[in-house]
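Spelled out, the chains give:
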Amino acid sequence: MSDHHLAAATRVVTLGRQARRPGAGVNAPLELSSTYIADGPVNYARAGNPTWSAFEEALGSLEGGDALVFASGMGAVSAALSLVEHQGPVVVPAHAYNGTTALLDDLEKSGAVRVRRVYVDDDRAIRDALRGAAMLWVESPTNPMLEVVDIGPLCKAARDLGVLTVCDNTFATPLVQRPLELGADVVLHSVTKYLSGHSDVILGALVTPTTDRGRALHERLARHRLLHGAIAGPAETWLALRGLRTLHLRVERATANAAELARRLEDHPVVKRVRYPGFGAIIAVEVRGKAEGAERVAAGTKIWTHSTSLGGVESQLERRRRHEAEPATVPKGLLRLSVGVEDVDDLWRDLDRALTASREGS
Ligand SMILES: *Cc1c(COP(=O)(O)O)cnc(C)c1O
């Protein structure tokens, strides 16, 4: 079925289904077979699986390209970085997902790549770093500082210099921003987060454009997945597709909650600074009382769960600097809030109580 005229809210529901024959299931099958009868389109499940194809059809359409599912977001990061030739320079934001920056550090130590770190508000430094680079890594908003970059001009600057752009779209989701339309060569998702949305699977994905250049990248990435072999399980993929069915509803509610909470947090006496880019459902809050104060807030909530990760239906919070890989430029008292879909007043009362109590406990 041609789907390009349908709204995203319709496509998340309708794509990745079985052909409509009498008696067919309305959902994609959960196909648990390692091998297939010979002479079909796929002969072994490390190369392909109907459950993967169903998920990839839906996500590919949402991002406007061809999707490949990976065992985790980091599996997708590894595959994307495999596109860099030996010792190629990679331009990466100073604040990016800490697994990505840690992997880049390891690859640099082993001599596989060279890393050029840039602050995303320093346009001049980015353009200088792009000269002779192999890859530009874009994350917007950045994790956890929530800096936003203008993706289109950056991709164009990279392309003019022959630099490949990968855009981690985990925080924004394809409902908010579609980097392929803005000129990115590869879009990356930690499907673990918003796309699956229920904190019950670890999964990743890459999406490439349907152009000749995009198809060539897709082939290399599919080969990486086939030969490196750390592939997604069909059961996880099936759960992710089930979660994806409500992406628009979850993102809509979580975003409305986040916007309201960001507004209320601005006036809270225990809050020093609120970072909220004006869209999405992640808020970064710097609290007074530094690391200890922030830890007391995280430990003091009853509805919000004190846990890492984001993008689930349940609200979560965490002080990011408890992770060693987080750079020193992230304030010690910064809490990252992933706002869920609960009632906003319940969320506010719980957070307000924990914030206030964090000061009394000091
Ligand atoms: C979580 C995350 C990743 C890594 O994904 P996993 O599924 O945990 O492997 C990559 N990028 C961003 C922005 C993330 O939030």
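This structure is a prediction, so every number in the text was calculated from the model and none was measured.

About the thresholds
Residues numbered from 1 in each chain as written. Predicted model: local features only at pLDDT ≥ 70, side-chain atom pairs only at ≥ 80, totals over all residues. Heavy atoms only, no water. Near = heavy atom within 4 Å. Polar contact = N/O pair within 3.5 Å; in protein donor to acceptor, adjacent residues only side chain to side chain. Areas by Shrake-Rupley, 256 points an atom, 1.4 Å probe, with all protein chains shown as cover. Nonpolar A, V, L, I, M, F, W, Y, C, P; charged D, E, K, R; others polar. Salt bridge = Lys/Arg side-chain N within 4 Å of Asp/Glu carboxyl O. Helix = DSSP H or I, 4+ residues; strand = E, 2+ residues; numbered from the N terminus. Buried < 20%, exposed > 50% of the residue type's maximum accessible area, 1.4 Å probe, protein only. Domains from an automatic or database assignment. Contact = heavy atoms within 4.5 Å. Buried area = accessible area lost by both parts, 1.4 Å probe. Pairing = 2+ DSSP bridges. Axes fitted to C-alpha atoms, helices over the stretch in contact; angles between N-to-C directions. Right-handed = clockwise from strand over helix to strand, strands pointing away.

### Side note on the site of the ligand
No. 1: Taken together, the neighbourhood of the ligand is formed by 13 residues, with M74, D168, S190, T192 and K193 sitting nearest.
No. 2: The side chain of K193 places a nitrogen or oxygen atom 2.8 Å from an oxygen atom of the ligand.
No. 3: Protein burial of the ligand: of its 390 Å² of free accessible surface, 93% is covered by the chains.
No. 4: Counted by class, the shell around the ligand contains five nonpolar, six polar and two charged residues.

### So, the pattern of salt bridges
No. 1: Here the structure, examined in full by the defined rule, presents 19 salt bridges.
No. 2: In this structure, R117 engages D105 in a salt bridge whose closest nitrogen and oxygen atoms are separated by 2.6 Å. Separated by 12 residues along the polypeptide, R117 in strand β3 (residues 113-118) and D105 in helix α4 (residues 98-109) bring together distant segments of the chain.
No. 3: With a closest N to O distance of 2.7 Å, R264 and E260 form a salt bridge. A residue pair is termed a helical-turn pair when its members lie 3 or 4 positions apart in one helix, as R264 and E260 do in helix α9 (residues 247-266) at four residues.
No. 4: On the basis of relative accessibility, which here comes to 21%, the residue R264 falls in the partly exposed class.
No. 5: Taken together, the shared-partner salt bridges in this structure form one network comprising E260, R263, R264 and D345.

### Comments concerning the domain arrangement of the protein chain
Think of interface size as the accessible area that goes away when the parts come together; that is how it is often given.
No. 1: By the assigned domains, the protein chain splits into domain 1 (8-244) and domain 2 (247-360).
No. 2: Computed over C-alpha atoms only, the centres of domain 1 and domain 2 are separated by 27 Å.
No. 3: In this complex, domain 1 contributes 28 residues to the contact, which on the side of domain 2 involves 29 residues.
No. 4: Each partner contributes to the roughly 2,500 Å² buried at the junction of domain 1 and domain 2, and carbon and sulfur atoms together form 66% of this total.
No. 5: Where domain 1 meets domain 2, there are zero salt bridges.
No. 6: Taken together, the connections running from domain 1 to domain 2 amount to nine residue pairs in polar contact (both at pLDDT 80 or more).
No. 7: Counting residues per element, the ones that place at least two in the side of domain 1 that touches domain 2 are α1 (8-14) and α8 (234-244).
No. 8: Of the residues forming the side of domain 1 that touches domain 2, the biggest block, three residues, is contributed by α1.

### As for the sheet that holds strand β12 (residues 334-338)
No. 1: In spatial order, the strands read β8-β9-β12-β11-β10; together these five strands make up an open sheet with mixed pairing. With one partner strand each, in any of the chains shown, β8 (271-275) and β10 (305-306) form the two edges of the open sheet.
No. 2: Judged from the two bridges that link them, β10 and strand β11 (residues 316-319) form a sheet pairing that is parallel. Counted as the bridge partner of H306 is L317 from β11.
No. 3: Across the sheet, α9 touches β8, β9 (282-287) and β12, and the angle it forms with β9 is around 15 degrees.

### Some thoughts on the pairing of β3
No. 1: As paired strands, strand β2 (residues 88-93) and β3 are joined by six bridges and run parallel to one another. Paired with G88 across the strands is V113, a residue of β3.
No. 2: On the question of chirality, the crossover connecting β2 to the parallel β3 by way of α4 is right-handed.

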